Amino acid sequence: MSRETAFYLDSQTPRIISQCEAMREWVQSAQRAGKKIGLVPTMGALHEGHLSLVRAAREECDACVVTIFVNPTQFGPAEDFEKYPRDLQSDLDLLAPYGVEAIFAPSPPEMYPPGFSTYVEVEEISLQWEGASRPTHFRGVATVVLKLFQVAPANVAYFGQKDYQQTLVIRRMVKDLHVPVQIRVCPIVREADGLAMSSRNAYLSHDERQAALQLSRCLKKGEELVGQGIRSSAEVLTHMEQTLIASPLVQVDYVVIADPETLQPVEQIDTRVIALVAARVGKTRLIDNAFLEMPESLPS
Ligand code: AMP
């Protein structure tokens, strides 16, 4: 048996890799054995949203690498890096039924050794919305994602629409820097009552959990109004904002109806648009989004 085949077959239970070099060797040797590799980058505290990406990677690729790394560079100084939920054992238990071939769980110094000083800035698309509220966030995201693409040079990488602006930032970076990876974006997974799944939902108290529903309700309201043929963004946004602030626990950061490629606000809805929302519920900052579709019977 060749070394390459051995690498692949030896991975029936997931191998947990913490060193960058070992991770790259594993991916490259599986690829030399003809395997198409899917990569699912996460910060752990896994839920059904993450697992939907794992399922997509398992279906479309021959082997799947899940990365679990709470990336310090994408958190602002006043944000929740320290208290972000970390439970590797529970993540491994959740992944167990999926037969994931490898899990990459590096330490912060493995990813950012002393002297680290190179960052990726994706201009334009990073500046507004999440980028305006969290000025260094996308720089940290782009940097760590490019590093993960270098360390685990997969064929396809899976991301969630939940972080819609992030998917645009990553697509832009991959294009601009000629990174040979295909990007797949998977739909938002929601709780039965509509709340978008997020590791940060764990921070919510009982009352905040109820109040958090206003985000998905506000998007539903937008879908409903645009579905009825209303074309004025201002009119739709007024109703969306009213829905969002129906709970006193919700503090709006932004609600916008935008072009899905540029994220520039649109005034008149005459094609498919995206609604993005960000709000604080108590101390927890949540985001959500939805495409708003014109009814097919109306001409655009
Ligand atoms: P995170 O661990 O929050 O960095 O998320 C890792 C990946 O999972 C990102 O691509 C997210 O967009 C994706 N993700 C997070 N929540 C959801 C969700 N509710 N539905 C689908 N994908 C999600």
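Residues numbered from 1 in each chain as written. Predicted model: local features only at pLDDT ≥ 70, side-chain atom pairs only at ≥ 80, totals over all residues. Heavy atoms only, no water.

Observations concerning the overall build of the protein chain
At step 1: A count of helices and strands for the protein chain gives eleven helices and nine strands.
At step 2: At 20 Å, the protein chain has a C-alpha radius of gyration in line with the 19 Å of a compact globule built from 300 residues.
At step 3: Structurally, the protein chain occupies a C-alpha span of about 65 × 40 × 40 Å along its principal axes.
At step 4: Within the protein chain, contacts between residues at least 6 apart in sequence are counted, and of these 72% link residues at least 24 apart.
At step 5: Element-wise, carbon and sulfur atoms account for 51% of the exposed surface of the protein chain, whose accessible area totals about 14,200 Å².
At step 6: Separation of charge centres in the protein chain, based on 29 positive and 38 negative side chains, amounts to 3 Å. (Helix = DSSP H or I, 4+ residues; strand = E, 2+ residues; numbered from the N terminus. Rg over C-alpha atoms; globule rule 2.2 N^0.38 Å. Contact = heavy atoms within 4.5 Å. Areas by Shrake-Rupley, 256 points an atom, 1.4 Å probe, with all protein chains shown as cover. Lys, Arg positive; Asp, Glu negative; His and termini not counted. Charge placed at Lys NZ, Arg CZ, Asp CG, Glu CD.)

As for the domain arrangement of the protein chain
At step 1: If you check the domain split of the protein chain, you get domain 1 (15-186) and domain 2 (199-292).
At step 2: The centre of domain 1, based on its C-alpha atoms, is set 26 Å off from the matching centre of domain 2.
At step 3: The partner domain 2 presents 20 residues to the 21 residues of domain 1 that form the contact.
At step 4: For the pairing of domain 1 and domain 2, the buried interface totals around 1,800 Å² over both sides, and the portion due to carbon and sulfur atoms is 50%.
At step 5: Considering only the side of domain 1, the residues that lose the most area to domain 2 are W129, E130 and Y164, jointly responsible for 36% of the buried surface there.
At step 6: Inspection of the domain 1/domain 2 interface yields two salt bridges.
At step 7: In this structure, D80 and R200 form a salt bridge, with 2.8 Å as the shortest nitrogen-oxygen distance.
At step 8: Put simply, domain 1 and domain 2 have twelve residue pairs in polar contact (both at pLDDT 80 or more) between them.
At step 9: If one sorts the elements of the side of domain 1 that touches domain 2 by residue count, helix α8 (residues 164-176) sits on top with three residues.
At step 10: Residue composition of the side of domain 1 that touches domain 2, grouped by class: eight nonpolar, seven polar and six charged. (Domains from an automatic or database assignment. Buried area = accessible area lost by both parts, 1.4 Å probe. Salt bridge = Lys/Arg side-chain N within 4 Å of Asp/Glu carboxyl O. Polar contact = N/O pair within 3.5 Å; in protein donor to acceptor, adjacent residues only side chain to side chain. Nonpolar A, V, L, I, M, F, W, Y, C, P; charged D, E, K, R; others polar.)

Quick look at the pairing of strand β9 (residues 284-292)
When a strand is regular, its side chains alternate between the sheet's two faces.
At step 1: Within β9, nine of the nine residues are buried, leaving the element largely enclosed by the surrounding structure.
At step 2: Residues of β9 alternate between two faces, with T284, L286, D288, A290 and L292 on one and R285, I287, N289 and F291 on the opposite face, all of them buried.
At step 3: Two successive antiparallel strands, strand β8 (residues 273-281) and β9, enclose a turn made up of two residues, where G282 displays a positive phi of approximately 60°. (Buried < 20%, exposed > 50% of the residue type's maximum accessible area, 1.4 Å probe, protein only. Pairing = 2+ DSSP bridges.)

Topic: the side chain of E208
At step 1: For E208, the location among the structural elements is in helix α9 (residues 206-211).
At step 2: One buried charged residue, E208, remains without a salt bridge, the closest side chain of opposite sign being K283 at 8.1 Å.
At step 3: In this view, E208 contacts Y203, L249, V281, G282 and K283; residues no more than four positions away in its chain are not counted.

Thoughts on the nonpolar core
The tendency in soluble globular proteins is for nonpolar side chains to be buried side by side.
At step 1: In terms of nonpolar packing, the biggest core is built from 50 residues, with M23, W26, V65, F104, F149 and M173 touching the most fellow members.
At step 2: For this core, the leading source of residues is helix α7 (residues 137-151), giving nine residues.
At step 3: Two domains each donate at least three residues to this core, and these are domain 1 (15-186) and domain 2 (199-292).
At step 4: Apart from residues no more than four positions distant in its own chain, M23 is found in contact with I17, V65, A102, F104, V151 and A152.
At step 5: In this structure, L225, V226, A279 and L286 belong to the second largest nonpolar core, which totals 29 residues. (Core = buried A, V, L, I, M, F, W, Y, C linked by side-chain atoms within 4.5 Å.)

Observations regarding unusual backbone geometry
At step 1: The backbone of W129 shows a phi angle near 50°, a positive value even though the residue is not glycine.
At step 2: By relative accessible area, W129 is classed as buried at 18%.
At step 3: Even without being a glycine, H178 presents a positive backbone phi close to 55°.
At step 4: When you line up the elements, H178 lands in the loop between α8 and β6 (182-186).
At step 5: Overall, H178 belongs to the exposed group, its relative accessible area being 67%.

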